[in-house]
Amino acid sequence: MKKFFALFLIAFGFCAYAEQITKFGVVDTARVYNSYFRESEAVREYDRKRSEFQSEIEKYTEELKNLKKKQVEYSKKGEESNALRTQSEITKKTDFLVEYTNAKNIELQSMQKSMKNNDAFYRKLYDTLSKIAETGGYSMILSLQQGNGILWYSPSVDVTEQVIAALGNN
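Rules behind the numbers
- Residues numbered from 1 in each chain as written.
- Predicted model: local features only at pLDDT ≥ 70, side-chain atom pairs only at ≥ 80, totals over all residues.
- Heavy atoms only, no water.
- Helix = DSSP H or I, 4+ residues; strand = E, 2+ residues; numbered from the N terminus.
- Buried < 20%, exposed > 50% of the residue type's maximum accessible area, 1.4 Å probe, protein only.
- Contact = heavy atoms within 4.5 Å.
- Areas by Shrake-Rupley, 256 points an atom, 1.4 Å probe, with all protein chains shown as cover.
- Axes fitted to C-alpha atoms, helices over the stretch in contact; angles between N-to-C directions.
- Parallel < 35°, antiparallel > 145°, perpendicular 65-115°, else oblique.
- Left-handed = near helix turned anticlockwise from the far one by under 90°.
- Nonpolar A, V, L, I, M, F, W, Y, C, P; charged D, E, K, R; others polar.
- 1 Å grid on protein atoms, 1.4 Å probe; cavity = no way out; pocket = protein on both sides within 12 Å on 5 of 7 lines; lining within 4 Å.
- Points joined across faces, edges and corners; volume = space filled by probe spheres on them.

Student: Which residues make up the overall build of the protein chain, and what values do they have?
Tutor: Helix and strand content of the protein chain: six helices and two strands. Ordered by position from the N terminus, the helices and strands of the protein chain form the series α-β-α-α-α-α-β-α. Looking at the protein chain as a whole, 26% of its 170 residues are labelled buried. Contacts in the protein chain between residues at least 24 apart in sequence constitute 80% of all its contacts with a sequence separation of at least 6. Surface summary for the protein chain: the accessible area is close to 12,400 Å², and the carbon and sulfur share equals 57%.

Right, dumping it as structure tokens:
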């Protein structure tokens, strides 16, 4: 009986050890990033600039509409020289608007890329994941974004919400 009990303890210990080795978790890093940075200064600045640029574009677009109306009125009245001068102004402002829009989109993309490549965020994410892995007994935590090999996972191994909560408390 003692041998059976000893074998049982060894087998149980081995199973517990094997279970600990194979315990893994997954994290949706894109969701963590969006949640973590939602309240950050960088995102607020990005949103402010995007709104500012959109307002400017709307203002320039409205100017172009008004100029087009003016050109149509000149054409109806037979004032071809004024219509041509207005068309020239429309062309210049349209070219400016296209260049302005392209430049501002590049600026916004650069800001967005800078936020996504923020090393401080990834250091903080790694530290948070390490703590969660150690306290939760995970041997490995996989990113769903890098998970070409992850075909299925149980929601019970998803630590995304824990990571978001932990980052929010820092």
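Student: Help me get a handle on the packing of helix α2 (residues 29-37) against helix α6 (residues 160-168), residues and values and all.
Tutor: For any two helices packed against each other, one specifies the inter-axial angle together with the distance between the axes. α6 packs onto α2 with a crossing angle of 25° between their chain directions and a minimal axis gap of 10 Å. As judged from the angle between their axes, α2 and α6 are roughly parallel. By crossing handedness, the relation of α2 to α6 is classed as right-handed. In contact with Arg31, Val32, Ser35 and Tyr36 of α2, α6 contributes Thr160, Glu161, Val163, Ile164 and Leu167. Counted by class, the contact of α2 with α6 contains five nonpolar, two polar and two charged residues.

Student: Which residues make up the side chain of Thr160, and what values go with them?
Tutor: Relative to the assigned elements, Thr160 resides in helix α6. When near neighbours in sequence (up to four residues on either side) are disregarded, Thr160 contacts Val26, Val27, Asp28, Arg31 and Val32.

Student: Outline the environment of Asp28, supporting the account with residue identities and numerical values.
Tutor: Summarising the element assignment, Asp28 is placed in the loop between β1 (24-27) and α2. Considered as a pair, Asp28 and Ser143 are 115 residues apart in the sequence and their alpha carbons are 6.0 Å apart.

Student: I'd like to hear about the layout of surface pockets, residue by residue, with values.
Tutor: If you roll a probe as big as a water molecule over the atoms, it shows you where there is empty space left. What the largest pocket holds in volume is close to 280 Å³. Considering the residues around the largest pocket, the lining is formed by 12 residues, among which Thr29, Tyr122, Leu125, Tyr126 and Leu129 are closest to the centre. Taken together, the elements giving at least two residues each to the lining of the largest pocket come down to α2 and α5 (119-136). Among the elements that line the lining of the largest pocket, the one with the most residues is α5, at six residues. When grouped by side-chain class, the residues that make up the lining of the largest pocket number eight nonpolar, three polar and one charged.

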